[in-house]
Amino acid sequence: GQQVQQSPASLVLQEGENAELQCNFSSTATQLQWFYQRPGGSLVSLLYNPSGTKHTGRLTSTTVTKERRSSLHISSSQITDSGTYFCAMKAGANTGKLTFGHGTILRVHP
Amino acid sequence: EAAVTQSPRNKVTVTGGNVTLSCRQTNSHNYMYWYRQDTGHGLRLIHYSYGAGNLQIGDVPDGYKATRTTQEDFFLLLELASPSQTSLYFCASSERGGARYTQYFGPGTRLLVL
(Lines give C-alpha, C1' and ligand atoms only; values in the text may rest on other atoms or scores of the structure.)
Protein backbone atom coordinates (compact mmCIF):
# COMPACT_ATOMS: atom_id res chain seq x y z
CA GLY A 1 0.00 0.00 0.00
CA GLN A 2 0.81 3.65 -0.13
CA GLN A 3 3.54 4.84 2.26
CA VAL A 4 3.94 8.44 3.30
CA GLN A 5 7.09 9.95 4.82
CA GLN A 6 7.22 13.41 6.33
CA SER A 7 10.22 15.53 7.21
CA PRO A 8 11.45 17.01 9.35
CA ALA A 9 9.91 15.22 12.34
CA SER A 10 9.99 18.50 14.25
CA LEU A 11 10.85 22.10 13.55
CA VAL A 12 11.45 25.07 15.85
CA LEU A 13 11.20 28.60 14.49
CA GLN A 14 11.24 32.17 15.66
CA GLU A 15 8.08 34.09 14.94
CA GLY A 16 8.27 35.60 11.47
CA GLU A 17 10.50 32.90 9.98
CA ASN A 18 9.30 30.70 7.13
CA ALA A 19 8.68 26.97 7.44
CA GLU A 20 9.12 24.29 4.80
CA LEU A 21 7.53 20.89 5.42
CA GLN A 22 8.11 17.93 3.16
CA CYS A 23 6.02 14.91 2.25
CA ASN A 24 7.28 12.00 0.15
CA PHE A 25 5.14 9.12 -1.00
CA SER A 26 5.83 5.67 -2.32
CA SER A 27 3.68 5.60 -5.45
CA THR A 28 2.26 8.13 -7.84
CA ALA A 29 -0.33 9.94 -5.81
CA THR A 30 -3.71 10.64 -7.29
CA GLN A 31 -4.88 12.82 -4.39
CA LEU A 32 -3.04 14.60 -1.60
CA GLN A 33 -4.22 16.71 1.32
CA TRP A 34 -2.52 18.61 4.13
CA PHE A 35 -4.01 18.67 7.63
CA TYR A 36 -3.25 20.68 10.78
CA GLN A 37 -3.66 19.54 14.36
CA ARG A 38 -3.40 22.17 17.07
CA PRO A 39 -1.74 21.03 20.30
CA GLY A 40 -4.14 18.77 22.16
CA GLY A 41 -6.82 19.25 19.54
CA SER A 42 -8.46 17.73 16.52
CA LEU A 43 -7.45 17.83 12.85
CA VAL A 44 -8.60 20.28 10.24
CA SER A 45 -8.01 20.21 6.53
CA LEU A 46 -5.68 22.90 5.19
CA LEU A 47 -5.23 22.27 1.48
CA TYR A 48 -6.17 19.74 -1.15
CA ASN A 49 -3.34 19.66 -3.69
CA PRO A 50 -3.04 16.67 -6.01
CA SER A 51 -0.58 18.47 -8.31
CA GLY A 52 0.95 21.86 -8.97
CA THR A 53 0.91 24.79 -6.60
CA LYS A 54 -1.97 25.89 -4.41
CA HIS A 55 -2.18 28.89 -2.06
CA THR A 56 -4.35 29.76 0.88
CA GLY A 57 -3.43 32.68 3.08
CA ARG A 58 0.17 32.24 4.23
CA LEU A 59 0.24 28.61 3.08
CA THR A 60 1.62 27.41 -0.24
CA SER A 61 1.67 23.77 -1.25
CA THR A 62 3.59 22.39 -4.22
CA THR A 63 3.06 18.83 -5.34
CA VAL A 64 5.25 17.22 -8.00
CA THR A 65 3.52 13.95 -8.70
CA LYS A 66 6.16 12.33 -10.90
CA GLU A 67 8.79 13.02 -8.21
CA ARG A 68 6.44 11.70 -5.53
CA ARG A 69 6.74 14.69 -3.25
CA SER A 70 4.78 17.56 -1.86
CA SER A 71 5.79 20.54 0.25
CA LEU A 72 3.94 22.93 2.51
CA HIS A 73 5.45 26.38 2.90
CA ILE A 74 4.30 28.58 5.77
CA SER A 75 5.38 32.18 5.37
CA SER A 76 5.91 34.60 8.25
CA SER A 77 5.17 31.99 10.90
CA GLN A 78 3.09 32.95 13.92
CA ILE A 79 2.92 31.46 17.38
CA THR A 80 -0.56 30.20 16.57
CA ASP A 81 0.87 28.11 13.72
CA SER A 82 2.37 25.77 16.32
CA GLY A 83 1.02 22.27 16.11
CA THR A 84 1.39 19.15 14.00
CA TYR A 85 1.07 19.09 10.23
CA PHE A 86 0.09 15.92 8.39
CA CYS A 87 0.02 15.05 4.76
CA ALA A 88 -2.35 12.31 3.67
CA MET A 89 -3.22 10.72 0.40
CA LYS A 90 -5.58 8.25 -1.12
CA ALA A 91 -4.35 4.80 -0.20
CA GLY A 92 -5.01 3.20 -3.59
CA ALA A 93 -7.02 3.37 -6.77
CA ASN A 94 -10.06 1.46 -5.54
CA THR A 95 -10.37 2.62 -1.97
CA GLY A 96 -11.87 5.57 -0.18
CA LYS A 97 -9.36 5.57 2.64
CA LEU A 98 -6.40 7.84 3.26
CA THR A 99 -2.87 7.02 4.38
CA PHE A 100 -1.38 9.59 6.75
CA GLY A 101 2.24 10.51 7.32
CA HIS A 102 3.56 10.63 10.88
CA GLY A 103 3.44 14.40 10.95
CA THR A 104 5.80 17.33 11.46
CA ILE A 105 5.63 19.05 14.85
CA LEU A 106 6.09 22.79 14.45
CA ARG A 107 6.89 25.06 17.37
CA VAL A 108 7.00 28.80 16.83
CA HIS A 109 8.55 30.90 19.57
CA PRO A 110 8.22 34.66 20.12
CA GLU B 1 -19.21 23.26 8.22
CA ALA B 2 -19.77 19.60 9.07
CA ALA B 3 -20.23 18.81 12.73
CA VAL B 4 -18.75 15.63 14.10
CA THR B 5 -19.21 14.82 17.75
CA GLN B 6 -17.73 12.02 19.79
CA SER B 7 -18.59 10.53 23.16
CA PRO B 8 -17.27 9.98 25.66
CA ARG B 9 -14.37 12.44 25.51
CA ASN B 10 -12.41 10.48 28.05
CA LYS B 11 -12.71 6.87 29.13
CA VAL B 12 -10.85 4.66 31.58
CA THR B 13 -11.39 0.93 31.60
CA VAL B 14 -9.59 -2.19 32.78
CA THR B 15 -8.02 -4.95 30.74
CA GLY B 16 -10.77 -7.21 29.42
CA GLY B 17 -13.43 -4.55 29.73
CA ASN B 18 -16.05 -3.60 27.14
CA VAL B 19 -15.88 -0.15 25.58
CA THR B 20 -18.09 1.55 23.02
CA LEU B 21 -17.03 4.81 21.42
CA SER B 22 -19.73 6.81 19.68
CA CYS B 23 -19.55 9.19 16.75
CA ARG B 24 -22.29 11.27 15.17
CA GLN B 25 -22.11 13.54 12.13
CA THR B 26 -24.88 15.90 11.16
CA ASN B 27 -24.04 16.67 7.54
CA SER B 28 -25.38 13.49 5.98
CA HIS B 29 -21.94 12.47 4.78
CA ASN B 30 -21.63 9.08 3.21
CA TYR B 31 -18.22 8.14 4.58
CA MET B 32 -17.27 7.81 8.24
CA TYR B 33 -13.93 6.74 9.68
CA TRP B 34 -12.36 5.64 12.95
CA TYR B 35 -8.67 6.41 13.50
CA ARG B 36 -6.31 5.97 16.37
CA GLN B 37 -3.43 8.34 17.01
CA ASP B 38 -0.31 7.26 18.83
CA THR B 39 3.04 8.94 19.28
CA GLY B 40 5.39 7.79 16.56
CA HIS B 41 2.63 6.35 14.38
CA GLY B 42 0.57 9.31 13.28
CA LEU B 43 -3.03 8.48 12.42
CA ARG B 44 -3.95 4.92 11.56
CA LEU B 45 -7.27 3.87 10.13
CA ILE B 46 -9.15 1.22 12.09
CA HIS B 47 -12.45 0.89 10.18
CA TYR B 48 -14.53 2.98 7.85
CA SER B 49 -17.96 2.91 6.27
CA TYR B 50 -19.60 4.37 3.19
CA GLY B 51 -23.15 4.11 4.40
CA ALA B 52 -25.56 2.70 6.93
CA GLY B 53 -24.97 -1.02 7.38
CA ASN B 54 -21.65 -0.93 5.51
CA LEU B 55 -18.27 -1.66 7.08
CA GLN B 56 -14.82 -1.60 5.52
CA ILE B 57 -11.65 -2.88 7.13
CA GLY B 58 -8.94 -0.33 7.78
CA ASP B 59 -5.22 -0.76 8.36
CA VAL B 60 -5.22 -1.73 12.06
CA PRO B 61 -8.55 -3.53 12.65
CA ASP B 62 -7.44 -6.25 15.08
CA GLY B 63 -9.28 -6.07 18.40
CA TYR B 64 -11.89 -3.65 17.08
CA LYS B 65 -15.40 -3.99 15.75
CA ALA B 66 -17.45 -1.20 14.26
CA THR B 67 -21.04 -0.69 13.30
CA ARG B 68 -22.74 2.01 11.23
CA THR B 69 -26.32 2.00 12.41
CA THR B 70 -27.56 5.06 10.53
CA GLN B 71 -26.19 7.64 8.12
CA GLU B 72 -25.27 9.74 11.16
CA ASP B 73 -23.96 7.22 13.69
CA PHE B 74 -20.80 5.13 13.68
CA PHE B 75 -19.68 3.11 16.71
CA LEU B 76 -16.36 1.56 17.60
CA LEU B 77 -16.44 -1.46 19.90
CA LEU B 78 -13.63 -2.88 21.98
CA GLU B 79 -15.00 -6.10 23.42
CA LEU B 80 -11.91 -7.21 25.35
CA ALA B 81 -9.89 -4.08 25.85
CA SER B 82 -6.13 -4.39 26.19
CA PRO B 83 -3.49 -1.85 27.33
CA SER B 84 -2.21 -1.69 23.73
CA GLN B 85 -5.51 -0.03 22.83
CA THR B 86 -4.75 2.95 25.05
CA SER B 87 -4.82 5.75 22.52
CA LEU B 88 -6.49 8.88 21.22
CA TYR B 89 -9.37 7.95 18.93
CA PHE B 90 -10.74 10.20 16.23
CA CYS B 91 -13.86 9.86 14.18
CA ALA B 92 -14.17 11.66 10.86
CA SER B 93 -16.67 12.00 8.06
CA SER B 94 -16.57 13.03 4.41
CA GLU B 95 -19.02 13.34 1.56
CA ARG B 96 -17.11 10.72 -0.44
CA GLY B 97 -13.87 8.79 -0.09
CA GLY B 98 -10.34 9.82 -1.00
CA ALA B 99 -8.46 13.05 -0.39
CA ARG B 100 -10.48 15.10 -2.88
CA TYR B 101 -13.28 15.33 -0.33
CA THR B 102 -12.43 16.97 2.96
CA GLN B 103 -12.55 14.82 6.04
CA TYR B 104 -14.07 16.55 9.06
CA PHE B 105 -12.77 15.30 12.36
CA GLY B 106 -14.41 15.02 15.75
CA PRO B 107 -12.72 16.27 18.94
CA GLY B 108 -11.31 12.87 19.86
CA THR B 109 -11.76 10.37 22.70
CA ARG B 110 -8.90 9.57 25.06
CA LEU B 111 -9.03 5.93 26.12
CA LEU B 112 -6.91 4.51 28.91
CA VAL B 113 -6.89 0.76 29.43
CA LEU B 114 -5.37 -0.21 32.76
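Each remark here, short or long, concerns the structure printed above.
These figures come from a predicted structure and were not determined experimentally.

Rules behind the numbers
Residues numbered from 1 in each chain as written. Chains lettered and ligands numbered in written order. Predicted model: local features only at pLDDT ≥ 70, side-chain atom pairs only at ≥ 80, totals over all residues. Heavy atoms only, no water. Helix = DSSP H or I, 4+ residues; strand = E, 2+ residues; numbered from the N terminus. Rg over C-alpha atoms; globule rule 2.2 N^0.38 Å. Buried < 20%, exposed > 50% of the residue type's maximum accessible area, 1.4 Å probe, protein only. Contact = heavy atoms within 4.5 Å. Areas by Shrake-Rupley, 256 points an atom, 1.4 Å probe, with all protein chains shown as cover. Core = buried A, V, L, I, M, F, W, Y, C linked by side-chain atoms within 4.5 Å. Disulfide = S-S within 2.5 Å. Phe/Tyr/Trp six-rings, centres within 6.5 Å; stacked < 30°, edge-to-face > 60°.

Chemist: If you had to explain the overall build of chain A to someone new, which residues and values would you point to?
Modeler: Along the backbone of chain A there are zero helices and eleven strands. For 110 residues, the compact-globule estimate of 2.2 N^0.38 gives 13 Å, and the C-alpha radius of gyration of chain A, at 13 Å, lies within 12% of that figure. By its C-alpha atoms, chain A is 45 × 25 × 20 Å across when sized along the principal axes. Within chain A, buried positions represent 49% of all 110 residues. Within chain A, contacts between residues separated by at least 24 positions form 54% of all contacts whose residues are at least 6 apart in sequence. Accessible surface computed for chain A: about 5100 Å², of which carbon and sulfur atoms make up 49%.

Chemist: Residue-level account of the overall build of chain B, with values.
Modeler: Within chain B, the regular secondary structure consists of zero helices and eleven strands. From first element to last, N terminus to C terminus, chain B shows the α and β order β-β-β-β-β-β-β-β-β-β-β. Over its C-alpha trace chain B gives a radius of gyration of 13 Å, about what one expects of a compact globule, namely 13 Å for 114 residues. Structurally, chain B occupies a C-alpha span of about 35 × 30 × 25 Å along its principal axes. Within chain B, the fraction of its 114 residues that count as buried is 50%. Taking contacts inside chain B between residues at least 6 apart in sequence as the whole, the part at least 24 apart equals 54%. Roughly 5200 Å² of accessible area belongs to chain B as shown, and the carbon and sulfur atoms make up 48% of that amount.

Chemist: Describe the nonpolar core, naming the residues involved and giving the relevant values.
Modeler: All names here are of chain A. Among the nonpolar cores identified, the biggest contains 19 residues, and Ala19, Leu21, Cys23, Trp34, Leu72, Tyr85 and Leu106 are the most heavily contacted of them. Broken down by secondary-structure element, the contributors of at least two residues to this core are strand 2 (10–14), strand 3 (19–25), strand 4 (32–37), strand 8 (69–74), strand 9 (83–90) and strand 11 (104–109). Top element by residues in this core is strand 3. It accounts for four residues. When neighbours within four sequence positions are excluded, tyrosine 85 is seen to be in contact with Gln6, Leu21, Phe35, Tyr36, Leu46, Leu72, Ile74, Gly103, Thr104 and Leu106.

Chemist: Explain the state of the cysteines residue by residue, including any values.
Modeler: Under the counting rule described, the total for this entry stands at two disulfides over all chains. Paired by a disulfide, A:Cys23 and A:Cys87 hold their sulfur atoms 2.0 Å apart. Because the torsion about its S-S bond is 75°, the bridge between A:Cys23 and A:Cys87 counts as right-handed. Placement of A:Cys23 in strand 3 and of A:Cys87 in strand 9 is noted, with a sequence separation of 64 residues between them. Exposure remark for A:Cys23: the relative accessible area of 0% places this residue in the buried category. Judged by its relative accessible area of 0%, A:Cys87 falls in the buried class. Two residues, B:Cys23 and B:Cys91, share a disulfide whose sulfurs are 1.8 Å apart. Its S-S torsion of approximately -75° makes the covalent link between B:Cys23 and B:Cys91 left-handed. Separated by 68 residues along the polypeptide, B:Cys23 in strand 3 (residues 19–25) and B:Cys91 in strand 9 (residues 87–94) bring together distant segments of the chain. Note on accessibility: B:Cys23 and B:Cys91 belong to one class, buried.

Chemist: Please set out the packing of aromatic side chains residue by residue, giving values where relevant.
Modeler: Under the defined criterion, the tally for this structure stands at 15 aromatic pairs over all chains. With 5.3 Å between their ring centres and 80° between their planes, A:Phe100 and B:Tyr35 make a pair best called edge-to-face. One end of the pair, A:Phe100, is in strand 10 (residues 98–100); the other, B:Tyr35, is in strand 4 (residues 31–38), on a second chain. When its relative accessible area of 0% is taken as the criterion, B:Tyr35 is described as buried.

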